[in-house]
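Results of the structural survey
Listed below are the residues making up each chain.
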Amino acid sequence: HVMPDVKELPPVPGVLTLHKGADDGMQVYFLHDMDGDAFNERSAFSALAEKLDVCRSCALVYDEEAQKCSSVGELAQLYMGRLFADSQRRGSPRCAFVGYGFGCIVAHLLALISQQYGLHPPLVLIDSEVSYPSGTGSTDRLGGYDWLGGDFEAALFFARSRGDVQWAAEEVRVLSAIPAQQRDAKEVRRRVVERIAPADARADLERRCTEAGRNMELLH
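Computed from a predicted structure; not experimentally measured.

Okay, helix α7 (residues 202-219) next. Each turn of an α-helix holds 3.6 residues, which means side chains three or four residues apart point in the same direction. Between its terminal C-alpha atoms α7 stretches 25 Å, which fits the 26 Å expected from 18 residues at 1.5 Å a residue. Turning to α7, its buried residues number three or more, namely Leu 205, Arg 208, Cys 209, Ala 212, Gly 213, Asn 215, Met 216 and Leu 219.

As structure tokens, this is what we get:
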């Protein structure tokens with residue numbers, strides 16, 4: 001039996017090819033950050049995919065179906081279904097996961113689910129922890145304190161990813177002491193954007209932060 005050429009087969013919905021690589025190369029799946037925008041042409045993932053040469057690199061797309069998921073676990077299960085379909089399409093289960101930011105959490109879950117099927121995919125995590133929530137009782141990481149809401153958490157997540165961990169921790173302490181109805185998410189987002197982005201990049205970061213807040217609230 002001869003496997004069909006992968007180039008002749010229809011793509012799996014929700015799996016976007018960034019770099020075709022060799023037909024027998026390992027499949028590398030990239031997991032997006034909170035704003036779901038890591039698969040565009042300007043992303044670091046696209047640049048990394050080209051450097052991987054023989055590997056077939058794909059991004060898992062946070063599309064309309066994915067946006068209906070109401071938890072990180074549900075999103076991971078959806079993506080795992082897409083991965084299985086894509087692996088069957090290629091006739092090989094060999095793969096690796098690369099997560100960035102919030103995508104690290106999903107990538108880690110995918111690796112754990114894969115182990116249940118006897119697979120042990122390499123896992124690369126960039127710019128984030130993987131435990132969510134962490135339950136540490138600390139204000140310096142997501143999940144170590146009471147959930148503030150998606151808009152707040154997204155802004156603080158961006159601040160931490162740029163190295164402002166202590167500043168974000170102080171913001172958490174201040175916000176936690178204020179009644180929920182008196183907290184101003186737009187003001188927190190404004191401070192974060194002005195703190196970590198140059199003037200010509202602030203509008204784009206604010207858009208990403210807003211989208212990330214919506215997604216985090218959906219998946220909480």
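Time to look at the pattern of salt bridges. Any two side chains of opposite charge can pair, given that their charged atoms come close. Applying the stated rule across the entire model yields twelve salt bridges. The residue Arg 173 makes a salt bridge to Glu 170 at a minimum N-O spacing of 3.0 Å. Placement of the pair is Arg 173 and Glu 170 together in helix α5 (residues 165-176), with a separation of three residues, close to one helical turn. Three or more residues joined by partner-sharing salt bridges are found here, namely Glu 171, Glu 187, Arg 190, Arg 191 and Glu 194.

This part covers the confidence of the model for the protein chain. Here the protein chain shows a mean pLDDT of 83. Residues at 70 or above account for 87%. The secondary structure element of the protein chain with the lowest average pLDDT is helix α1 (residues 44-51), at 74, and the one with the highest is helix α6 (residues 185-196), at 94. Contacts from residues 1-6, a stretch scored under 50 in pLDDT, to residues over four places away or in other chains number nine contacts. Low pLDDT (under 50) marks residues 38-42, which in the prediction has 13 contacts with non-local residues, meaning those over four places away or in another chain.

In this structure the tally under the stated criterion is three aromatic pairs. Ring centres of Phe 102 and Phe 157 lie 6.3 Å apart, and the angle between their planes is 75°; this geometry places the pair in the edge-to-face category. Pair noted here: Phe 102 is in the loop between β4 (95-100) and α3 (103-116) and Phe 157 is in helix α4 (residues 150-161), with a separation of 55 residues, a long-range link. Each of the two residues, Phe 102 as well as Phe 157, counts as buried.

To continue, consider the environment of Ser 46. With respect to the helices and strands, the residue Ser 46 is situated in helix α1. The class of Ser 46 is buried, set by a relative accessible area of 14%. Placed twelve residues apart in sequence, Ser 46 and Cys 58 show a C-alpha to C-alpha distance of 9.1 Å.

A separate point is the pairing of β4. By the criterion of burial, β4 is predominantly enclosed, with five of the six residues buried. Relative to β4, strand β2 (residues 27-31) is paired through five bridges, and the arrangement is parallel. If you follow Leu 31 over to β4, its bridge partner there is Gly 99. Summarising the sheet, β4 and strand β5 (residues 123-126) pair through four bridges and their orientation is parallel. Residue pairing in the sheet places Phe 97 in a bridge with Leu 123 of β5. Chirality of the crossover, the property in question, places the unit of β4, α3 and β5 among those that are right-handed.

Scoring rules and cut-offs
- Residues numbered from 1 in each chain as written.
- Predicted model: local features only at pLDDT ≥ 70, side-chain atom pairs only at ≥ 80, totals over all residues.
- Heavy atoms only, no water.
- Helix = DSSP H or I, 4+ residues; strand = E, 2+ residues; numbered from the N terminus.
- Expected span 1.5 Å × (residues − 1).
- Buried < 20%, exposed > 50% of the residue type's maximum accessible area, 1.4 Å probe, protein only.
- Salt bridge = Lys/Arg side-chain N within 4 Å of Asp/Glu carboxyl O.
- pLDDT = per-residue confidence, 0-100.
- Contact = heavy atoms within 4.5 Å.
- Phe/Tyr/Trp six-rings, centres within 6.5 Å; stacked < 30°, edge-to-face > 60°.
- Pairing = 2+ DSSP bridges.
- Right-handed = clockwise from strand over helix to strand, strands pointing away.

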